[in-house]
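Residue-level structural notes
If you want the building blocks of each chain, they are given just below.
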Amino acid sequence: MGPLIPNHLIPLEWNNIIAIIIGIAFGFVLEASGFSSSRKLAGVFYGYDFAVLKVFFTAAVVSVIGIYYMDYLGYLDITQLYVHPTYLWAAIIGGAIMGVGFVAGGFCPGTSLCAVAIGKLDAWIYVFGILIGIFIFSELYNFIEPLFNGDFLGNITLIDTFNWNPYWFIFIFSIIAIIAFAVADFVQKKVKKVFY
Amino acid sequence: MIKKQTAKVLALRYKFLAFILFILAGGLVLLPKYQKNEGIKPEQLLSNVISSERYISTDQIAHKIINQDRSAILIDVRDENSFNKYTLPNAINIPLKKILDEEASVYVNQNQYDVVFFSNDNFYSDQAWVLCNRLGYKNLHVLKGGINRWFNTIINPPKPTEDMPEEAFNLYATRKASSMYFGVVYPDQVGIKTSELVKKTAPKQIITVQKKKKAPEGGC
């Protein structure tokens with residue numbers, strides 16, 4: 001975990017315990033900010049509640065700034081970080097399908113489990129829908145397989161592909177985040193409020 | 001009234017947070033970038049030093065030179081006088097003091113050719129290897145035993161006694177053939193009736209003076 005374990009400040013076995021603690025804290029924060037309500041989550045697409053947008057942007061900006069500061073101070077090594085492999089068309093099509101599921105159901109997979117924990121019935125149906133989707137995918141895997149494994153561009157980042165300066169990219173990204181928050185607030189005042 | 005006040009405070013809070021974010025991101029851009037440790041990490045250097053896979057034996061080097069295998073660059077890390085007295089054919093002289101210079105890095109810091117360091121024995125060439133390996137150069141090797149072992153095995157191979165296995169005799173035959181390639185004259189091969197072996201120093205260019213096929217010597 002972070003700069004603690006690779007620099008041998010605490011023993012390696014703390015990894016799992018820290019993971020459990022972070023997971024508990026994450027679930028707590030998710031529920032406390034009201035993300036178990038499907039109306040709040042689907043509000044991004046209808047324009048009356050932009051909490052999801054703000055959470056995502058804040059998480060991305062805080063983590064990228066934190067990582068780069070720790071890399072600058074020497075606690076972390078950016079080149080050793082794991083980057084997800086990029087399968088181009090699989091990501092695009094999968095993202096589109098997930099977007100449809102998000103708006104239709106009003107949950108992400110993570111928040112659906114959160115809502116299951118508090119006993120909402122639509123979350124149970126959502127999880128059941130996830131399982132049906134997995135089943136359909138595994139049955140049709142022979143047809144989907146070239147899409148699934150194709151266009152493999154490696155474990156690259158935006159910074160690698162376009163050769164941007166990472167620090168300027170982070171700066172511009174956080175400016176965009178602040179502008180997005182302001183626009184979201186502006187839109188939220190104009191749209192009719194929905195009871196949830 | 002209260003709602004208006006809370007709305008004002010909330011707006012101020014968000015502006016404050018946005019300002020902090022702006023400062024942090026700006027700081028990341030403006031902080032002076034410095035070069036962290038150049039080269040590989042200490043643990044990796046240690047594991048490289050301990051493993052013995054950098055050594056090339058003299059037989060392998062002789063094999064490469066005789067086959068005119070141009071994939072290896074031989075670098076002599078002794079000083080100029082020793083280099084001018086005797087060295088391996090086609091070797092470049094980069095004294096150990098100058099191994100990190102710009103002109104030396106042309107030979108050392110490249111990925112195409114293998115680089116073989118050698119000196120009188122392992123020590124200086126190992127030092128050169130450690131220095132270059134620390135900087136992360138690739139394809140570095142060290143001639144095990146250096147010039148001393150080169151003399152003792154290739155130029156002047158020890159004759160095996162009768163109780164050694166057949167491989168020792170084959171090895172002696174190949175070594176004797178390699179030594180003839182490098183200019184050693186054997187009296188019984190040439191027919192000169194001299195009592196001692198005439199050792200010529202190996203020439204700097206590869207002159208194919210006496211290139212015989214590697215046939216086994218004994219048991220004709």
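Note that this is a predicted model, so its numbers are computed, not measured.

The subject of this paragraph is the overall build of chain B. The secondary structure content of chain B amounts to 9 helices and 7 strands. Classification of the 220 residues of chain B by burial places 20% in the buried group. For chain B, the share of sequence-separated contacts (at least 6 apart) that also reach a separation of at least 24 residues comes to 64%.

Looking only at helices and strands, chain A features 9 helices and 0 strands. When the helices and strands of chain A are listed from N to C terminus, the series reads α-α-α-α-α-α-α-α-α. Counting across all 196 residues of chain A, residues that qualify as buried make up 10%. Sequence separation of 24 or more characterises 68% of the internal contacts of chain A that already satisfy a separation of 6 or more.

On the side of chain B, 10 residues touch chain A, which itself brings 12 residues to the contact. Of all the secondary structure elements, the ones that give two or more residues to the side of chain A that touches chain B are α3 (51-73) and α9 (166-190) of chain A. Of all the elements, α9(A) adds the most residues to the side of chain A that touches chain B, at 6 residues. In terms of residue class, the side of chain A that touches chain B is made up of 10 nonpolar, 2 polar and no charged.

Bringing the nonpolar core into the picture now. Ranked by size, the top nonpolar core spans 29 residues in total, and within it B:Ile75, B:Val77, B:Val116, B:Phe117, B:Phe118 and B:Ala128 carry the most contacts. Elements represented by at least two residues in this core include exactly α3 (58-66), β2 (72-76), β4 (114-118), α6 (122-134), β5 (140-143), α7 (146-155) and α8 (166-181) of chain B. Of all hydrophobic cores here, the second largest spans 8 residues; its members include A:Phe35, A:Ala42, A:Ala123 and A:Tyr126.

This brings us to the confidence of the model for chain A. Looking at chain A, pLDDT values average 86 and 99% of them are 70 or higher. Per-element averaging of pLDDT across chain A places helix α8 (residues 158-162) of chain A at the bottom with 81 and helix α6 (residues 121-139) of chain A at the top with 92.

On to the confidence of the model for chain B, then. All names here are of chain B. For chain B, the average pLDDT comes to 77, and 80% of its residues sit at 70 or higher. Within chain B, the element-level pLDDT minimum falls on strand β7 (residues 198-199), averaging 56, and the maximum on β5, averaging 85. This prediction of the complex comes with two scores: 0.59 for pTM and 0.73 for ipTM.

Let's shift gears to α6(B). Every α-helix carries 3.6 residues per turn, so stepping three or four residues along brings you back to the same face. Residues and elements named next belong to chain B. Over its 13 residues, α6 extends 18 Å from the first C-alpha to the last, a length consistent with the 18 Å expected when each residue adds 1.5 Å. For α6, the set of buried residues is Tyr-124, Ser-125, Ala-128, Trp-129 and Cys-132. The arc enclosing the buried residues of α6, seen along the axis, measures out at 140 degrees, which places them on a common side. Following α6 by one or two positions, Gly-136 adopts a phi angle in the positive range, close to 90 degrees.

Where β2(B) meets β4(B), 5 bridges bridge the pair, whose relative direction is parallel. Of the residues in β4(B), the one forming a bridge with B:Ile73 is B:Val115.

This part is about the pairing of β5(B). All names here are of chain B. In β5, alternate side chains face the same way, and those of Leu-140 and Val-142 on one face and His-141 and Leu-143 on the other are all buried. For strand β1 (residues 55-56) and β5, the ladder comprises 2 bridges, and the chain directions are parallel. Note on β5: the bridge partner recorded for Tyr-55 is Val-142. As paired strands, β4 and β5 are joined by 3 bridges and run parallel to one another. In the sheet register, Val-115 faces β5, and the bridge partner there is Leu-140. In this view, the connection linking β4 to its parallel neighbour β5 by way of α6 has right-handed handedness.

Now for the packing of helix α5 (residues 109-118) of chain A against α6(A). Residue and element names in this part refer to chain A. Packing of α5 against α6 brings their axes to within 8 Å, and their N-to-C directions diverge by 135 degrees. As the angle between them shows, α5 and α6 are arranged oblique. Crossing handedness for the pair α5 and α6: left-handed. Across the interface between the two elements, Pro-109, Ser-112, Ala-115 and Val-116 from α5 touch Ala-123, Trp-124, Tyr-126, Val-127 and Ile-130 from α6. Class assignment for the residues of the contact of α5 with α6 results in 8 nonpolar, 1 polar and no charged.

Residues and elements named next belong to chain A. By the element assignment, Ala-123 lies in helix α6. Judged by local crowding, Ala-123 falls into the buried class, with 22 C-beta atoms found within 10 Å. Along the chain, Ala-123 and Thr-111 lie 12 residues apart, while their C-alpha atoms are 8.7 Å from each other. If we ignore the near neighbours within four places in the chain, the residues touching Ala-123 are Phe-107, Ser-112, Ala-115 and Val-116.

Here we take up the sheet that holds strand β3 (residues 91-93) of chain B. One open sheet accounts for 5 strands, arranged β1-β5-β4-β2-β3 (chain B); its pairing is parallel. Sheet topology places β1 and β3 of chain B at the edges, where each strand pairs with a single neighbour.

Rules behind the numbers
- Residues numbered from 1 in each chain as written.
- Chains lettered and ligands numbered in written order.
- Predicted model: local features only at pLDDT ≥ 70, side-chain atom pairs only at ≥ 80, totals over all residues.
- Helix = DSSP H or I, 4+ residues; strand = E, 2+ residues; numbered from the N terminus.
- Buried ≥ 20, exposed ≤ 12 C-beta atoms within 10 Å, placed from the backbone.
- Contact = placed C-beta atoms within 7 Å.
- Nonpolar A, V, L, I, M, F, W, Y, C, P; charged D, E, K, R; others polar.
- Core = buried A, V, L, I, M, F, W, Y, C linked by C-beta atoms within 7 Å.
- pLDDT = per-residue confidence, 0-100.
- Expected span 1.5 Å × (residues − 1).
- Arc of directions from axis to C-beta.
- Pairing = 2+ DSSP bridges.
- Right-handed = clockwise from strand over helix to strand, strands pointing away.
- Axes fitted to C-alpha atoms, helices over the stretch in contact; angles between N-to-C directions.
- Parallel < 35°, antiparallel > 145°, perpendicular 65-115°, else oblique.
- Left-handed = near helix turned anticlockwise from the far one by under 90°.

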